[in-house]
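Fold and geometry: a report
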Amino acid sequence: MNPTAGVTETLARYLVAARFEDLPDATRTEAARSLLNWMSVAVGGCRHEAVEIALAAVSPFAGPAQATILGRSERLDIMNAALLNGISSHVFDFDDTDQTISVHPSAPVLPVLLALAEYRPVSGRDFINALILAFEAEGRIARAVTPAHQAAGWHSTGTCGVFGAAVAAGKLLGLDETRMCHAISLAATQPVGIREMFGSMTKSFHPGRAAQNGLLAALLAEKGYTSSLQGIEARRGWANVLSSAHDFGAITDGLGAHYEIARNSYKPFACGLVVHPVIDGCVRLRDENNLVPEMIDRIDLAINPVVLDLTANRTPRNGLECKFSVYYSAAIGIVAGKAGEAQFSDALARDKVVTELRDRVETTVDPLLDKDQARVKIQLKDGRVLERFVAHAAGSVENPMTDAQLEAKFRDLAAGILPDDRVRHLMTLCRTAEQLADAGDIARAARG
(Lines give C-alpha, C1' and ligand atoms only; values in the text may rest on other atoms or scores of the structure.)
Protein backbone atom coordinates (compact mmCIF):
# COMPACT_ATOMS: atom_id res chain seq x y z
CA MET A 1 0.00 0.00 0.00
CA ASN A 2 1.17 3.52 -0.75
CA PRO A 3 2.02 4.80 2.76
CA THR A 4 0.54 8.23 2.00
CA ALA A 5 -2.85 7.02 0.75
CA GLY A 6 -5.74 5.29 2.42
CA VAL A 7 -4.45 5.63 5.99
CA THR A 8 -7.77 6.71 7.48
CA GLU A 9 -9.68 4.03 5.58
CA THR A 10 -7.19 1.29 6.51
CA LEU A 11 -7.42 2.21 10.18
CA ALA A 12 -11.22 2.38 10.06
CA ARG A 13 -11.45 -0.99 8.30
CA TYR A 14 -9.40 -2.63 11.04
CA LEU A 15 -11.29 -0.97 13.87
CA VAL A 16 -14.69 -1.99 12.56
CA ALA A 17 -13.65 -5.62 12.06
CA ALA A 18 -11.63 -6.08 15.27
CA ARG A 19 -13.25 -8.51 17.73
CA PHE A 20 -12.93 -9.04 21.46
CA GLU A 21 -12.28 -12.74 20.86
CA ASP A 22 -9.02 -11.91 19.06
CA LEU A 23 -7.52 -9.94 21.96
CA PRO A 24 -4.60 -11.58 23.80
CA ASP A 25 -5.07 -12.27 27.51
CA ALA A 26 -2.26 -9.86 28.46
CA THR A 27 -3.89 -7.07 26.47
CA ARG A 28 -7.23 -7.55 28.21
CA THR A 29 -5.50 -7.66 31.60
CA GLU A 30 -3.78 -4.36 30.89
CA ALA A 31 -7.10 -2.83 29.88
CA ALA A 32 -8.51 -3.72 33.30
CA ARG A 33 -5.46 -2.16 34.98
CA SER A 34 -5.90 0.98 32.90
CA LEU A 35 -9.56 1.20 33.89
CA LEU A 36 -8.75 0.67 37.58
CA ASN A 37 -6.05 3.34 37.58
CA TRP A 38 -8.15 5.85 35.64
CA MET A 39 -11.17 5.38 37.88
CA SER A 40 -9.05 6.10 40.94
CA VAL A 41 -7.91 9.48 39.63
CA ALA A 42 -11.33 10.38 38.20
CA VAL A 43 -13.00 9.79 41.56
CA GLY A 44 -10.10 11.37 43.43
CA GLY A 45 -10.22 14.54 41.35
CA CYS A 46 -13.98 15.01 41.45
CA ARG A 47 -13.94 17.76 44.09
CA HIS A 48 -11.06 19.76 42.68
CA GLU A 49 -11.71 23.44 42.15
CA ALA A 50 -11.38 23.01 38.38
CA VAL A 51 -14.22 20.47 38.39
CA GLU A 52 -16.38 22.67 40.61
CA ILE A 53 -15.91 25.63 38.28
CA ALA A 54 -16.57 23.62 35.12
CA LEU A 55 -19.67 22.04 36.64
CA ALA A 56 -21.02 25.45 37.67
CA ALA A 57 -20.35 26.78 34.17
CA VAL A 58 -22.09 24.04 32.18
CA SER A 59 -24.89 22.91 34.53
CA PRO A 60 -27.35 25.70 33.65
CA PHE A 61 -27.19 24.65 30.00
CA ALA A 62 -26.93 20.86 30.40
CA GLY A 63 -29.45 18.47 28.94
CA PRO A 64 -31.18 15.50 30.62
CA ALA A 65 -29.46 13.58 33.44
CA GLN A 66 -27.99 10.68 31.47
CA ALA A 67 -24.56 10.00 32.95
CA THR A 68 -22.76 10.14 36.29
CA ILE A 69 -20.17 12.70 37.29
CA LEU A 70 -17.90 10.18 38.98
CA GLY A 71 -17.59 10.53 42.73
CA ARG A 72 -20.44 13.06 42.82
CA SER A 73 -24.21 12.98 43.08
CA GLU A 74 -24.76 15.12 39.95
CA ARG A 75 -25.71 13.59 36.61
CA LEU A 76 -25.54 15.44 33.28
CA ASP A 77 -26.16 14.72 29.62
CA ILE A 78 -23.54 12.42 28.11
CA MET A 79 -21.72 15.25 26.28
CA ASN A 80 -21.13 17.32 29.41
CA ALA A 81 -20.51 14.26 31.59
CA ALA A 82 -17.68 13.30 29.22
CA LEU A 83 -16.21 16.79 29.57
CA LEU A 84 -16.42 16.82 33.39
CA ASN A 85 -15.07 13.31 33.88
CA GLY A 86 -12.21 14.03 31.49
CA ILE A 87 -11.27 17.11 33.51
CA SER A 88 -11.62 15.27 36.81
CA SER A 89 -9.41 12.38 35.72
CA HIS A 90 -6.55 14.58 34.51
CA VAL A 91 -6.57 17.49 36.95
CA PHE A 92 -4.16 15.75 39.35
CA ASP A 93 -1.82 14.76 36.48
CA PHE A 94 -1.89 11.35 38.12
CA ASP A 95 -3.43 9.36 35.23
CA ASP A 96 -1.82 6.80 32.95
CA THR A 97 0.81 7.77 30.39
CA ASP A 98 2.48 6.37 27.30
CA GLN A 99 5.82 8.11 27.76
CA THR A 100 7.03 7.26 24.25
CA ILE A 101 4.37 9.55 22.73
CA SER A 102 3.52 11.85 25.69
CA VAL A 103 -0.14 10.83 25.69
CA HIS A 104 -2.42 10.15 28.66
CA PRO A 105 -4.56 7.60 26.81
CA SER A 106 -7.45 6.91 29.22
CA ALA A 107 -8.52 10.49 30.01
CA PRO A 108 -10.14 11.27 26.62
CA VAL A 109 -11.52 7.73 26.14
CA LEU A 110 -13.03 6.33 29.34
CA PRO A 111 -15.33 9.33 29.96
CA VAL A 112 -16.94 8.56 26.59
CA LEU A 113 -17.22 4.82 27.15
CA LEU A 114 -18.77 5.20 30.59
CA ALA A 115 -21.20 7.90 29.50
CA LEU A 116 -22.45 5.77 26.60
CA ALA A 117 -22.58 2.67 28.80
CA GLU A 118 -24.98 4.47 31.14
CA TYR A 119 -27.07 5.78 28.27
CA ARG A 120 -27.53 2.53 26.34
CA PRO A 121 -26.75 -1.13 27.16
CA VAL A 122 -23.09 -2.07 26.65
CA SER A 123 -21.61 -5.46 27.54
CA GLY A 124 -18.33 -5.65 29.37
CA ARG A 125 -16.71 -7.41 26.41
CA ASP A 126 -17.73 -4.63 24.03
CA PHE A 127 -16.57 -2.03 26.56
CA ILE A 128 -13.07 -3.53 26.89
CA ASN A 129 -12.76 -4.10 23.14
CA ALA A 130 -13.66 -0.46 22.46
CA LEU A 131 -11.20 0.72 25.10
CA ILE A 132 -8.30 -1.21 23.58
CA LEU A 133 -9.16 -0.12 20.04
CA ALA A 134 -9.42 3.51 21.14
CA PHE A 135 -5.90 3.23 22.55
CA GLU A 136 -4.82 1.83 19.18
CA ALA A 137 -6.17 4.84 17.31
CA GLU A 138 -4.85 7.61 19.54
CA GLY A 139 -1.54 5.87 20.21
CA ARG A 140 -0.75 5.04 16.59
CA ILE A 141 -1.74 8.47 15.32
CA ALA A 142 0.38 10.13 18.01
CA ARG A 143 3.30 7.87 17.17
CA ALA A 144 3.08 8.89 13.53
CA VAL A 145 3.81 12.54 14.37
CA THR A 146 6.07 12.23 17.43
CA PRO A 147 8.18 14.23 18.23
CA ALA A 148 7.53 17.00 15.66
CA HIS A 149 3.91 17.45 16.70
CA GLN A 150 4.77 18.02 20.34
CA ALA A 151 7.75 20.22 19.45
CA ALA A 152 5.34 22.56 17.67
CA GLY A 153 3.58 23.08 21.00
CA TRP A 154 0.61 20.71 20.76
CA HIS A 155 -0.60 18.70 23.77
CA SER A 156 -0.98 15.22 22.32
CA THR A 157 -3.44 14.02 24.95
CA GLY A 158 -5.97 16.44 23.48
CA THR A 159 -4.99 16.49 19.83
CA CYS A 160 -4.61 12.70 19.53
CA GLY A 161 -6.99 11.72 22.31
CA VAL A 162 -9.90 13.03 20.26
CA PHE A 163 -9.32 10.12 17.84
CA GLY A 164 -9.47 7.65 20.72
CA ALA A 165 -12.72 9.19 21.93
CA ALA A 166 -14.27 9.05 18.45
CA VAL A 167 -13.21 5.44 17.94
CA ALA A 168 -14.42 4.38 21.40
CA ALA A 169 -17.85 5.84 20.73
CA GLY A 170 -17.92 4.67 17.13
CA LYS A 171 -17.16 1.10 18.12
CA LEU A 172 -19.94 1.04 20.73
CA LEU A 173 -22.34 2.65 18.27
CA GLY A 174 -21.57 -0.06 15.71
CA LEU A 175 -20.40 2.26 12.95
CA ASP A 176 -19.63 0.67 9.59
CA GLU A 177 -16.35 1.34 7.79
CA THR A 178 -17.50 4.48 5.98
CA ARG A 179 -19.09 6.01 9.06
CA MET A 180 -16.00 5.17 11.14
CA CYS A 181 -13.94 7.03 8.51
CA HIS A 182 -16.25 10.00 8.88
CA ALA A 183 -15.99 9.85 12.67
CA ILE A 184 -12.18 9.77 12.53
CA SER A 185 -12.10 12.69 10.10
CA LEU A 186 -14.61 14.66 12.17
CA ALA A 187 -12.23 14.11 15.09
CA ALA A 188 -9.32 15.28 12.93
CA THR A 189 -10.95 18.65 12.38
CA GLN A 190 -11.33 19.24 16.14
CA PRO A 191 -7.80 19.30 17.63
CA VAL A 192 -7.56 20.80 21.11
CA GLY A 193 -4.65 21.43 23.44
CA ILE A 194 -1.50 23.56 23.48
CA ARG A 195 1.38 23.09 25.89
CA GLU A 196 1.33 26.71 27.02
CA MET A 197 -1.53 25.65 29.33
CA PHE A 198 0.57 23.23 31.41
CA GLY A 199 0.47 24.18 35.07
CA SER A 200 -3.04 25.63 34.83
CA MET A 201 -6.57 24.22 35.00
CA THR A 202 -6.74 24.31 31.22
CA LYS A 203 -4.39 21.33 30.88
CA SER A 204 -7.15 19.09 32.29
CA PHE A 205 -9.67 20.76 29.96
CA HIS A 206 -7.79 19.24 27.00
CA PRO A 207 -8.76 15.56 27.55
CA GLY A 208 -12.23 16.58 28.70
CA ARG A 209 -12.85 18.55 25.54
CA ALA A 210 -11.23 15.82 23.42
CA ALA A 211 -13.68 13.32 24.94
CA GLN A 212 -16.60 15.63 24.18
CA ASN A 213 -15.40 16.34 20.63
CA GLY A 214 -14.76 12.68 19.84
CA LEU A 215 -18.16 11.65 21.16
CA LEU A 216 -19.82 14.31 19.01
CA ALA A 217 -17.85 13.11 15.98
CA ALA A 218 -19.14 9.55 16.39
CA LEU A 219 -22.72 10.62 17.07
CA LEU A 220 -22.72 12.79 13.94
CA ALA A 221 -21.21 10.01 11.84
CA GLU A 222 -23.80 7.54 13.13
CA LYS A 223 -26.57 9.73 11.72
CA GLY A 224 -24.86 10.05 8.34
CA TYR A 225 -22.93 13.31 8.76
CA THR A 226 -20.16 13.16 6.17
CA SER A 227 -16.52 14.15 6.21
CA SER A 228 -13.33 13.48 4.29
CA LEU A 229 -12.29 9.85 3.99
CA GLN A 230 -8.65 10.95 4.34
CA GLY A 231 -8.86 13.21 7.36
CA ILE A 232 -5.50 12.07 8.74
CA GLU A 233 -3.26 11.83 5.68
CA ALA A 234 -4.60 14.26 3.07
CA ARG A 235 -2.39 17.16 1.97
CA ARG A 236 -4.43 19.49 4.15
CA GLY A 237 -5.36 16.75 6.62
CA TRP A 238 -4.62 16.50 10.32
CA ALA A 239 -1.06 15.16 10.11
CA ASN A 240 0.18 17.67 7.54
CA VAL A 241 -1.46 20.65 9.20
CA LEU A 242 -0.43 19.83 12.78
CA SER A 243 3.04 18.37 12.25
CA SER A 244 6.11 19.06 10.16
CA ALA A 245 6.99 15.37 9.93
CA HIS A 246 5.11 12.09 10.03
CA ASP A 247 5.36 8.34 9.49
CA PHE A 248 2.02 6.93 8.37
CA GLY A 249 3.35 3.38 8.69
CA ALA A 250 3.13 3.84 12.45
CA ILE A 251 -0.65 3.96 12.01
CA THR A 252 -1.19 1.07 9.65
CA ASP A 253 1.69 -1.38 10.16
CA GLY A 254 1.06 -4.37 12.43
CA LEU A 255 -2.59 -3.68 13.18
CA GLY A 256 -3.82 -6.56 15.32
CA ALA A 257 -0.32 -7.98 15.75
CA HIS A 258 0.66 -5.80 18.73
CA TYR A 259 -1.22 -3.35 20.89
CA GLU A 260 -0.51 0.19 22.04
CA ILE A 261 -1.88 -0.51 25.51
CA ALA A 262 1.22 -2.61 26.24
CA ARG A 263 3.15 0.68 26.44
CA ASN A 264 0.83 2.18 29.05
CA SER A 265 2.23 3.05 32.47
CA TYR A 266 0.76 4.20 35.77
CA LYS A 267 2.03 6.93 38.03
CA PRO A 268 3.10 6.51 41.64
CA PHE A 269 3.66 10.29 41.77
CA ALA A 270 1.00 12.93 41.07
CA CYS A 271 2.88 15.07 38.56
CA GLY A 272 4.38 15.13 35.08
CA LEU A 273 5.98 11.79 34.23
CA VAL A 274 9.26 13.38 33.14
CA VAL A 275 10.13 14.27 36.76
CA HIS A 276 9.36 10.81 38.13
CA PRO A 277 12.98 9.59 37.92
CA VAL A 278 14.08 12.64 39.90
CA ILE A 279 11.50 12.00 42.62
CA ASP A 280 12.30 8.29 42.62
CA GLY A 281 16.01 8.98 43.11
CA CYS A 282 15.45 11.58 45.83
CA VAL A 283 13.04 9.39 47.78
CA ARG A 284 15.41 6.42 47.65
CA LEU A 285 18.39 8.45 48.84
CA ARG A 286 16.26 9.99 51.59
CA ASP A 287 15.06 6.65 52.86
CA GLU A 288 18.43 4.91 52.60
CA ASN A 289 20.27 7.68 54.49
CA ASN A 290 17.57 9.08 56.80
CA LEU A 291 17.95 12.48 55.18
CA VAL A 292 16.26 15.65 56.38
CA PRO A 293 16.48 18.98 54.52
CA GLU A 294 18.78 20.56 57.13
CA MET A 295 21.49 18.04 56.27
CA ILE A 296 21.62 19.00 52.59
CA ASP A 297 23.88 21.64 51.07
CA ARG A 298 22.68 21.19 47.47
CA ILE A 299 21.05 18.73 45.07
CA ASP A 300 22.40 18.30 41.53
CA LEU A 301 20.23 16.64 38.92
CA ALA A 302 21.25 15.30 35.51
CA ILE A 303 18.12 15.00 33.37
CA ASN A 304 16.82 14.42 29.87
CA PRO A 305 16.35 17.65 27.85
CA VAL A 306 12.55 17.32 27.81
CA VAL A 307 12.45 17.76 31.59
CA LEU A 308 13.39 21.44 31.42
CA ASP A 309 11.23 21.88 28.36
CA LEU A 310 8.21 20.98 30.48
CA THR A 311 9.13 21.53 34.14
CA ALA A 312 11.58 24.44 34.38
CA ASN A 313 9.43 26.50 36.76
CA ARG A 314 11.81 27.48 39.56
CA THR A 315 9.27 29.32 41.69
CA PRO A 316 5.86 27.62 41.42
CA ARG A 317 3.13 29.59 43.17
CA ASN A 318 0.53 26.87 43.72
CA GLY A 319 0.00 23.13 43.69
CA LEU A 320 -0.76 22.89 39.99
CA GLU A 321 2.41 24.79 39.07
CA CYS A 322 4.44 22.56 41.41
CA LYS A 323 3.55 19.58 39.23
CA PHE A 324 5.62 21.23 36.50
CA SER A 325 8.65 22.16 38.57
CA VAL A 326 11.56 19.71 38.66
CA TYR A 327 13.04 21.81 41.47
CA TYR A 328 9.97 21.48 43.67
CA SER A 329 9.66 17.79 42.79
CA ALA A 330 13.18 17.02 44.00
CA ALA A 331 12.60 18.99 47.19
CA ILE A 332 9.28 17.35 48.03
CA GLY A 333 10.80 13.91 47.46
CA ILE A 334 13.28 14.68 50.23
CA VAL A 335 10.89 16.52 52.56
CA ALA A 336 7.94 14.13 52.33
CA GLY A 337 9.42 10.89 51.07
CA LYS A 338 6.50 10.60 48.65
CA ALA A 339 4.72 12.65 46.02
CA GLY A 340 1.02 11.87 46.02
CA GLU A 341 -1.67 14.45 45.42
CA ALA A 342 -1.40 15.75 49.00
CA GLN A 343 2.22 16.72 48.37
CA PHE A 344 1.24 19.07 45.52
CA SER A 345 -0.84 21.50 47.56
CA ASP A 346 -0.92 25.28 47.53
CA ALA A 347 0.26 25.28 51.15
CA LEU A 348 3.36 23.20 50.42
CA ALA A 349 4.15 25.38 47.40
CA ARG A 350 4.75 28.17 49.94
CA ASP A 351 6.20 26.05 52.75
CA LYS A 352 9.50 27.54 53.98
CA VAL A 353 11.31 24.20 54.39
CA VAL A 354 10.30 23.06 50.92
CA THR A 355 11.07 26.35 49.17
CA GLU A 356 14.48 26.71 50.81
CA LEU A 357 15.47 23.20 49.70
CA ARG A 358 13.95 23.81 46.26
CA ASP A 359 16.26 26.78 45.83
CA ARG A 360 19.28 24.55 46.46
CA VAL A 361 18.44 22.28 43.51
CA GLU A 362 20.47 22.65 40.30
CA THR A 363 19.98 20.91 36.95
CA THR A 364 22.18 19.78 34.08
CA VAL A 365 20.79 18.50 30.80
CA ASP A 366 22.20 15.20 29.54
CA PRO A 367 20.85 14.19 26.10
CA LEU A 368 22.17 10.64 26.64
CA LEU A 369 19.64 10.05 29.41
CA ASP A 370 16.27 8.57 28.48
CA LYS A 371 13.09 10.30 29.65
CA ASP A 372 12.62 7.80 32.50
CA GLN A 373 16.22 8.16 33.71
CA ALA A 374 18.03 10.64 35.96
CA ARG A 375 21.17 11.01 38.04
CA VAL A 376 20.68 12.50 41.50
CA LYS A 377 23.67 13.82 43.44
CA ILE A 378 23.21 15.19 46.97
CA GLN A 379 25.99 17.16 48.64
CA LEU A 380 25.63 17.02 52.41
CA LYS A 381 26.83 19.76 54.76
CA ASP A 382 29.15 17.26 56.50
CA GLY A 383 31.04 16.75 53.23
CA ARG A 384 29.52 13.44 52.17
CA VAL A 385 28.21 13.03 48.63
CA LEU A 386 25.30 10.66 47.90
CA GLU A 387 24.50 9.56 44.36
CA ARG A 388 21.78 7.54 42.68
CA PHE A 389 21.29 6.65 39.01
CA VAL A 390 17.66 5.85 38.16
CA ALA A 391 17.67 3.55 35.13
CA HIS A 392 13.87 3.21 34.96
CA ALA A 393 11.64 5.30 37.18
CA ALA A 394 9.06 3.70 39.44
CA GLY A 395 5.85 3.27 37.47
CA SER A 396 7.53 2.95 34.08
CA VAL A 397 6.81 0.01 31.76
CA GLU A 398 10.13 -1.53 32.80
CA ASN A 399 9.44 -0.94 36.51
CA PRO A 400 5.63 -1.06 36.70
CA MET A 401 3.28 -0.52 39.61
CA THR A 402 1.90 -3.79 40.93
CA ASP A 403 -1.81 -4.55 41.17
CA ALA A 404 -1.57 -4.10 44.94
CA GLN A 405 0.02 -0.67 44.49
CA LEU A 406 -2.72 0.37 42.06
CA GLU A 407 -5.36 -0.69 44.56
CA ALA A 408 -3.62 1.21 47.35
CA LYS A 409 -3.56 4.28 45.11
CA PHE A 410 -7.30 3.82 44.47
CA ARG A 411 -8.12 3.58 48.17
CA ASP A 412 -6.03 6.64 48.96
CA LEU A 413 -7.62 8.81 46.27
CA ALA A 414 -11.18 7.66 46.98
CA ALA A 415 -10.91 8.12 50.75
CA GLY A 416 -13.54 10.54 51.99
CA ILE A 417 -15.35 10.51 48.65
CA LEU A 418 -16.80 7.01 48.51
CA PRO A 419 -17.41 4.65 51.45
CA ASP A 420 -14.95 1.80 51.86
CA ASP A 421 -17.39 -0.92 50.80
CA ARG A 422 -18.23 0.99 47.62
CA VAL A 423 -14.54 1.44 46.87
CA ARG A 424 -13.99 -2.31 47.15
CA HIS A 425 -17.00 -3.00 44.93
CA LEU A 426 -15.87 -0.46 42.34
CA MET A 427 -12.38 -1.93 42.20
CA THR A 428 -13.88 -5.38 41.64
CA LEU A 429 -16.03 -4.06 38.79
CA CYS A 430 -12.96 -2.50 37.15
CA ARG A 431 -10.90 -5.67 37.48
CA THR A 432 -13.70 -7.85 36.06
CA ALA A 433 -15.17 -5.39 33.56
CA GLU A 434 -15.08 -7.79 30.62
CA GLN A 435 -17.36 -10.20 32.51
CA LEU A 436 -20.12 -7.65 33.15
CA ALA A 437 -23.47 -7.92 31.43
CA ASP A 438 -23.89 -4.15 31.77
CA ALA A 439 -20.73 -1.99 31.81
CA GLY A 440 -22.85 0.93 32.95
CA ASP A 441 -22.73 -0.64 36.42
CA ILE A 442 -19.17 0.70 36.72
CA ALA A 443 -20.24 4.33 36.45
CA ARG A 444 -23.30 3.79 38.62
CA ALA A 445 -21.13 2.32 41.38
CA ALA A 446 -19.00 5.48 41.33
CA ARG A 447 -21.84 7.88 42.16
CA GLY A 448 -21.15 10.01 45.20
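This paragraph deals with the nonpolar core. Within the largest apolar cluster, 150 residues are counted, with the highest numbers of intra-cluster contacts made by Met-39, Phe-127, Ile-232, Ile-378 and Ile-442. Among the elements that make up this core, the one with the highest residue count is helix α6 (residues 124-145) (13 residues). Excluding residues that lie within four positions of it along the chain, Met-39 makes contacts with Leu-70, Leu-114, Phe-410, Leu-426, Cys-430, Ile-442 and Ala-446.

Next up on the list: the pairing of strand β5 (residues 374-380). The two faces of β5 differ: Ala-374, Val-376, Ile-378 and Leu-380 on one face are buried, but Arg-375, Lys-377 and Gln-379 on the other face are not. Here strand β3 (residues 296-303) runs beside β5; their pairing, made up of seven bridges, is antiparallel. The residue of β5 that forms the bridge with Ala-302 is Arg-375. In this sheet, strand β6 (residues 385-390) lies alongside β5 in antiparallel orientation, the contact comprising six bridges.

Counting through the fold element by element, His-206 comes out in helix α11 (residues 202-222). Under the relative-accessibility criterion, His-206 is labelled buried at 2%. Excluding residues within four positions of it along the chain, His-206 makes contact with His-155, Gly-158, Val-192, Gly-193, Ile-194 and Met-197.

Relative orientation of the contacting elements helix α9 (residues 161-173) and α11 amounts to 40°, with a least axis distance of 7 Å. With respect to each other, α9 and α11 are oriented oblique. Two packed elements cross with a definite hand, and for α9 against α11 that hand is right-handed. Contacts from Gly-161, Val-162, Ala-165, Ala-166, Ala-169, Gly-170 and Leu-173 of α9 reach α11 at Ala-210, Ala-211, Asn-213, Gly-214, Leu-215, Ala-217, Ala-218, Leu-219 and Glu-222.

Each value, and the rule that gives it
- Residues numbered from 1 in each chain as written.
- Predicted model: local features only at pLDDT ≥ 70, side-chain atom pairs only at ≥ 80, totals over all residues.
- Heavy atoms only, no water.
- Core = buried A, V, L, I, M, F, W, Y, C linked by side-chain atoms within 4.5 Å.
- Buried < 20%, exposed > 50% of the residue type's maximum accessible area, 1.4 Å probe, protein only.
- Helix = DSSP H or I, 4+ residues; strand = E, 2+ residues; numbered from the N terminus.
- Contact = heavy atoms within 4.5 Å.
- Pairing = 2+ DSSP bridges.
- Axes fitted to C-alpha atoms, helices over the stretch in contact; angles between N-to-C directions.
- Parallel < 35°, antiparallel > 145°, perpendicular 65-115°, else oblique.
- Left-handed = near helix turned anticlockwise from the far one by under 90°.

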